[in-house]
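Now for the letters of each chain:
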There are 4 protein chains.
Amino acid sequence: MIAGKGGGKEKYDYTTMVAQNLQHKIFSTGQRSGLKQFYTDVRSRSVWLCEPLETEDYVVQPSEDVSPPKWHLGHTSWFFETFLVQAFHPHFKVHHAGYGFIFNSYYESIGERSPRNARGTLSRPTVKDVYAYRAAIDEQMLAILETVSEPQWPEFERLTVLGLNHEEQHQELLVMDIKSIFAQNPLRPVYRASQNDTAHHTDAPRGRTDTAFASGLYTIGHATEDGFAFDNESPPHQVFLEGFTLENRLVTNRDYLAFIEDGGYTKPALWLSDGWATVQREGWHAPLYWEKLPEKSGGLWHETTLSGFHEISSLLDVPVCHVSHYEADAFATWSGKRLPSEAEWEVAAMISGAQVTDGNFLERAAFHPKPAHHDAPATLQLFGDVWEWTASAYLPYPRYRRESGALGEYNGKFMSGQMVLRGGSCATPAKHIRRTYRNFFQPDKRWAFSGIRLAGDF
Amino acid sequence: MIAGKGGGKEKYDYTTMVAQNLQHKIFSTGQRSGLKQFYTDVRSRSVWLCEPLETEDYVVQPSEDVSPPKWHLGHTSWFFETFLVQAFHPHFKVHHAGYGFIFNSYYESIGERSPRNARGTLSRPTVKDVYAYRAAIDEQMLAILETVSEPQWPEFERLTVLGLNHEEQHQELLVMDIKSIFAQNPLRPVYRASQNDTAHHTDAPRGRTDTAFASGLYTIGHATEDGFAFDNESPPHQVFLEGFTLENRLVTNRDYLAFIEDGGYTKPALWLSDGWATVQREGWHAPLYWEKLPEKSGGLWHETTLSGFHEISSLLDVPVCHVSHYEADAFATWSGKRLPSEAEWEVAAMISGAQVTDGNFLERAAFHPKPAHHDAPATLQLFGDVWEWTASAYLPYPRYRRESGALGEYNGKFMSGQMVLRGGSCATPAKHIRRTYRNFFQPDKRWAFSGIRLAGDF
Amino acid sequence: MIAGKGGGKEKYDYTTMVAQNLQHKIFSTGQRSGLKQFYTDVRSRSVWLCEPLETEDYVVQPSEDVSPPKWHLGHTSWFFETFLVQAFHPHFKVHHAGYGFIFNSYYESIGERSPRNARGTLSRPTVKDVYAYRAAIDEQMLAILETVSEPQWPEFERLTVLGLNHEEQHQELLVMDIKSIFAQNPLRPVYRASQNDTAHHTDAPRGRTDTAFASGLYTIGHATEDGFAFDNESPPHQVFLEGFTLENRLVTNRDYLAFIEDGGYTKPALWLSDGWATVQREGWHAPLYWEKLPEKSGGLWHETTLSGFHEISSLLDVPVCHVSHYEADAFATWSGKRLPSEAEWEVAAMISGAQVTDGNFLERAAFHPKPAHHDAPATLQLFGDVWEWTASAYLPYPRYRRESGALGEYNGKFMSGQMVLRGGSCATPAKHIRRTYRNFFQPDKRWAFSGIRLAGDF
Amino acid sequence: MIAGKGGGKEKYDYTTMVAQNLQHKIFSTGQRSGLKQFYTDVRSRSVWLCEPLETEDYVVQPSEDVSPPKWHLGHTSWFFETFLVQAFHPHFKVHHAGYGFIFNSYYESIGERSPRNARGTLSRPTVKDVYAYRAAIDEQMLAILETVSEPQWPEFERLTVLGLNHEEQHQELLVMDIKSIFAQNPLRPVYRASQNDTAHHTDAPRGRTDTAFASGLYTIGHATEDGFAFDNESPPHQVFLEGFTLENRLVTNRDYLAFIEDGGYTKPALWLSDGWATVQREGWHAPLYWEKLPEKSGGLWHETTLSGFHEISSLLDVPVCHVSHYEADAFATWSGKRLPSEAEWEVAAMISGAQVTDGNFLERAAFHPKPAHHDAPATLQLFGDVWEWTASAYLPYPRYRRESGALGEYNGKFMSGQMVLRGGSCATPAKHIRRTYRNFFQPDKRWAFSGIRLAGDF
């Protein structure tokens, strides 16, 4: 039985979970107990993320990008119901005939869907209904997990692991969307007042230096024998890279403020053409969630985080966050540098020996990036904190093959008009990420925890 | 103490209230007990209307016209706080500094407001917060009511009566908006399964006949000495009318279905030019909330009401509802008739001696129009059931004067681009209506309980 | 034979034409020579209006409201071809099979049409083709005029007079649209440098006084026996008016500048709600065609007229022009006055004995309003100069009947969402106007020569 | 002196020009006569392309993508005036102070511009004015060419060659835009009735076969010493390619019709997500300029070309044209193949020894692609006919550097949101193209002469 709303607190021990993450390949070798643990952990974490929410917070949708939290909770259960329970349960009966229409995200093969931009107009099913749906699906999933036959097990395990990775993606979206819901509310609600608040970090900041990587023919991408990965990370393939450099830390609020104060948002020569058009159309003059108070209120820049509304002056060494690809590119141009390609990023992560476990991920419950440690520059701050915009368009790798059937819609059909981001963020579950992991957004999107890494030529 | 959420059921006795309505002028002669009763009745009724709602239903906004129920509950309290408590309470302290921004509807004089189309994106304040706000304002209002000085009493009473009439208008909006929220939900929630359901009405339908009214110089409009009315109903003034006829009942679903089946929605010659453009743009082919099931599901017309989803065939004698002015006008043209002017309507109501108390109003809790009684044709079905679109634009009467100050924004500034409707509907509180009452909507709006009365020349 | 492009100048004598206008009822008594003269005069005037145009000026469409001049020239010929030549020519053959689709404006009964907002994308038919079309239609019309049988004559004459009045309406549109085309061009082309330029008017301005009109029952509207009028002016009918006053002249640029300088465009309390929304959305801060030069260029208000770009300071006594109904209403509110109803306007015109021939109409070739004469206040400046926004919505008169068939679409279907204007403008042919004439536009439109007359209560 | 409008016909000899194209590097070695010849040839060709136009055809803009032909003629002259005459003429005087605002396309560094989507609303400057502008600039350019000092010559030559390549790009746009202007006109005007009309091609069609290319490390991109190229083609750099195959000819109308008839436009599984959304939103069901006549007119597919309106059945072996990247990708998916990357395309062109001169380019005056010759399969039909959509996003090559100053806006700022096309089309001047040439459009654009080449894995 998975912890329901309100009851999840006791069962969720992050220290243990992060440790378990390191062994997460274990349960993909056929052990039912391992998969059960993985399933229980992931499903509990979604509930834990929603604990600070009032019922009303589950319902609203401030923009088309954002989904109501209850939709995420329902959709992830629908995924298991549609692709697992329906296929493997001997006496499958749909939980509710109307839920498919409501909780299908974008699977054209499955059938018609409620329009994406109308998710916030649906008061029913209620939050309680959605939690009941989760409980029912969990019960069925755990029953199948115990009873599915050995011949069926590999496919059941493969799809369950996919469904759990899918839910982890929605956990990141939950954090992003809750932030959007709270940040646009004039009453400025707080999500979780972080104990280890970045605003009170007192270490000396890490200076900026370049690390160089030699030119050569490298192999990037995920090999099937290395465990689970999304299809878009495969197959491994060779790329030729010119020599390049990478900065040893992310761009900070302090760095970015200098760009703003130098008129970065008023100089078209710094911007891609589409970026400049977006700046003009949207009236951008700072990252998302930044707000300059009027002169009568002090005139200072502030930033809304999930722990509240803070002066930027208290966050200067924190990585800048919630910038679009356009802003990342303009900042790089202004800096006389450029963004890395995704291949450069992956090669740097491989050569530098960066470890995922070093990163500031969701399990740390900071819900915001943290300053780079002064004393560990070797790590390059590649994993966690913020997703790093690359200069690479999101396109299929050579010889990429989509999964067949409805699940073939998972990744491949989005390989158009988006840019790759790498490394995960403070809203990504630690075990979800890999060196080969490819995240992607349209270049104007800013509601992800996305930031800037600078690269150069060598 | 006003009944809070969940506790209102016992205290709300409709039989008594309708009787009281007939004496509602009593409390406008200076009796504090009468005003207190009026205040308590009205404020309780808003709560009663929301009783069937889940928390989630209070939050959503399916279109810009519709407001979330919790917004209505907050806004009506804000109205009392802003125009009464602030002015009359000796130790006024604003309930919450952020609520003015959120609950101001359109009073430019009061200050900036949250954008109307973003009301459904605000999860905070919560429903519980809003009920606490109501309770706090009620407490303050009732305290003032007991203690305000005699010299201040008349102005306090005048504004309180205005505030209560304002809340009654929002009660009708609550019913309209709840219907919109439920009707667009694919799970088809039911608001209240009416005991005296119109779907089971078995009387013989009333036939259509014309009543004639002679030409002449008539006086219409509201005289101040007749008790409360909105400023837009004054002053009384003379109008010359040519002889005219009025049909003895509202247009029914049966009548309207004939228009649909004759291709009414496909013949531009029947429509005003703006109406035809709207039909094309919106893809209208029936009233709002009508839905023709696909052939495989029987192919029949259905209508969503607040008591559920019904076959039109069970509602044929019920007045057609949720039509726009454009549809009303096109139907009239197709019928070889026309819509009445608002002066014709008011004169007919006066001459025919129609009584408000005859009507199917909110207190009957039918939440839907009812068929005209076969045996009482004299009443003309003028009051209640559905608002009747007139052929008159909503414009100021001769020598109309707006109230000064912020309350001058109440009516006058909307006298542009809208059409007048008369008579009240099944969502209107009975005591709220008068023969002189002028409702108004843009000609393309359909979410009010609006229907059709045909007129002719004589 | 009608004068073609370039050959019209000699044949168009305005002194004679204005004199003829006074006898324009003569040719509606059956005389073929009278109708021929009328036909020739009107058709020549359209050509004369286009004389200053380059071929390119005939083609463009700066906004959906505006039509390319060549479209007007083609459409007016199409009207004669469709409603006259086709009906009365014994051997009718359509001039070009594709022209119906292109030159039909809004007659749904006639068939499909090129979308209104795409008129400026059609380079073909060329200007030369359109003039050839006009010549061909003229030839056929004049041939029918000579040969149509006596029994057919009355209907032929009636429809021809309608077609000529229709073309006169498009002559006003031509002036409006040419002004729009020129005024938005950054090269500031001049249409006709007026000899008697309003900018150099030196008379003392007329002061503002009120003329009072008694309350009573009046008859307004057009009686059939008084000659041609559009159907929307009929039938004559009684209206009861309270006593009212009318100012003795139009509101001038000087008056309006005081409104602007008093912050008129920044005070929502002065505006109708729709008007204020329009001001915000469109960024209005002055009438259409006004432009305040940047400080470095002197910072003065200027106005583009058809004779060029002038400082407002040279046009202070000229009636303000190109204001919307919203602006007219806001100005009236700011002035503590109101706009007249259309009935008040018509009664005042009747009682004051104002003569159409006094007015500054199209034939004077000023193409701009002129200051009121100091020495003739009795005339009230009711006719010509600018159309006067009234407080009346454009609705059918009691017992109004549309023409049957396609021509029934001429007026009736537009009786929704528009406001009435009265009196004609400097772009209206003098003989086109009447005391009963009803012009109409949506309240946000400004490209007509529309201005402000103030009224009050008496 | 360059040939003006109407006088260009005699001076434009295509046989000679194509021959000269092969030696077009000669004039980039410092010979003034060579550059003069190049200048004269290019500038004459723009005039020649406009010869079939009526004045009205120069003015209109059917969509934001399309510019009026007179704008192209003016803009290309403005380019020479701004970047050459102004810099090199000893007594520079701007031709017209207002033209910079009108004819600047997108150079933010130069100053404000008329909005792109308003180009079709500008009747002035007239066509005659624009030709006078061209003549004045030509006179100045040729004077400078004779007199500029030796030290200044290299930079003058470099920028002139850039200006001429710029004008050649606008020549392709002229053909595309004229086609758009003509094709959307209901009168179906013909541009040039081609003598060697593709509709009458009778050769047997070329069959479809694959050519294989080995995996390996290749160098692509343009080296400076190879003569003129745009900055986006540099620098040369290594790429690793897996083995791949390329089909030996372009996809034809016959091939594409099979896709349509198999329901290609109704199956979301074949489409990228953005592509499917575009299909739905735009109502696509065939390439741009295809039209299926109604059943009563025969029900056959037709295609509008610059030589008229033809049945598809007469064009079955002609390469399909005017498809978007989305359609190209969907067709490839349906075919079980994929689009080539731009590196694969360039390597195939290099290895196969394809010659630019083989191609069907603008000088052949066919203005439409032609079927592949049966007897020369080795050429692969890589150059000319239609631009070939690749699977590559338009991004900077490694170590790409923009030009400094305003000309740095030429290419770099568009490296976002677009896909690369290769090979040139029947609307591209032959000497303009290279193996390394990178064209680019947003993936939903269809008004270029863009088609499909299929690739596969090997």
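Before reading on, note that the structure itself is shown above.
Cut-offs used in this document
Residues numbered from 1 in each chain as written. Chains lettered and ligands numbered in written order. Predicted model: local features only at pLDDT ≥ 70, side-chain atom pairs only at ≥ 80, totals over all residues. Heavy atoms only, no water. Helix = DSSP H or I, 4+ residues; strand = E, 2+ residues; numbered from the N terminus. Contact = heavy atoms within 4.5 Å. Pairing = 2+ DSSP bridges. Axes fitted to C-alpha atoms, helices over the stretch in contact; angles between N-to-C directions. Buried area = accessible area lost by both parts, 1.4 Å probe. Salt bridge = Lys/Arg side-chain N within 4 Å of Asp/Glu carboxyl O. Polar contact = N/O pair within 3.5 Å; in protein donor to acceptor, adjacent residues only side chain to side chain. Buried < 20%, exposed > 50% of the residue type's maximum accessible area, 1.4 Å probe, protein only.

### A closer look at the environment of Asp65 of chain D
Residues and elements named next belong to chain D.
- Its place among the elements puts Asp65 in the loop between α2 (32-50) and α3 (69-88).
- Once the C-alpha coordinates of Asp65 and Ser180 are considered, the two residues, 115 residues apart in sequence, prove to be 9.8 Å apart.
- Those residues within four positions of Asp65 in sequence are excluded, and the remaining contacts are Arg116, Lys445 and Trp447.

### Let's talk about the sheet that holds strand β4 (residues 244-247) of chain B
Residue and element names in this part refer to chain B.
- The strand order across the open sheet formed by three strands is β1-β4-β12, and the pairing between neighbours is antiparallel. Every other strand in the sheet has two partners, leaving β1 (210-213) and β12 (455-457) as the edge strands with one partner each. Taken over all neighbouring pairs, the strand axes of this sheet differ in orientation by 30 degrees on average, direction set aside.
- With four bridges connecting them, β1 and β4 associate as antiparallel partners. Bridging from a neighbouring strand, Asp210 pairs with Glu247 of β4.
- Contacts between helix α10 (residues 342-352) and the sheet are confined to β1 and β4, with β4 contributing the most and set at about 75 degrees to the helix.

### As for the interface of chain A and chain D
- With 31 residues of chain A at the interface, the matching set in chain D holds 31 residues.
- In total, chain A and chain D occlude about 2,500 Å² of area from one another, counting both sides; carbon and sulfur atoms represent 51% of this.
- Summed over the shared surface of chain A and chain D, the number is two salt bridges.
- Of the charged contacts in the structure, one is a salt bridge between Asp457 of chain A and Arg401 of chain D, with a shortest N-O distance of 2.9 Å.
- Counting across the chain A and chain D interface gives ten residue pairs in polar contact (both at pLDDT 80 or more).
- Those elements that place two or more of their residues in the side of chain A that touches chain D are β3 (237-241), α8 (273-282) and β8 (387-393) of chain A.

### Some details on the pattern of salt bridges
- Applying the stated rule across the entire model yields 128 salt bridges over all chains.
- For the salt bridge of Arg434 of chain D with Glu233 of chain D, the shortest nitrogen-to-oxygen distance reads 2.7 Å. A residue pair is termed long-range when its members are at least 10 positions apart, and Arg434 of chain D in the loop between β9 (419-422) and β10 (439-441) and Glu233 of chain D in the loop between β2 (216-220) and β3 (237-241) qualify at 201 residues. Of the two residues examined, Arg434 of chain D and Glu233 of chain D, each falls in the buried class.
- Linked by salt bridges that have partners in common, Arg208, Asp210, Glu247, Arg249, Asp255 and Lys337 of chain A make up one network.

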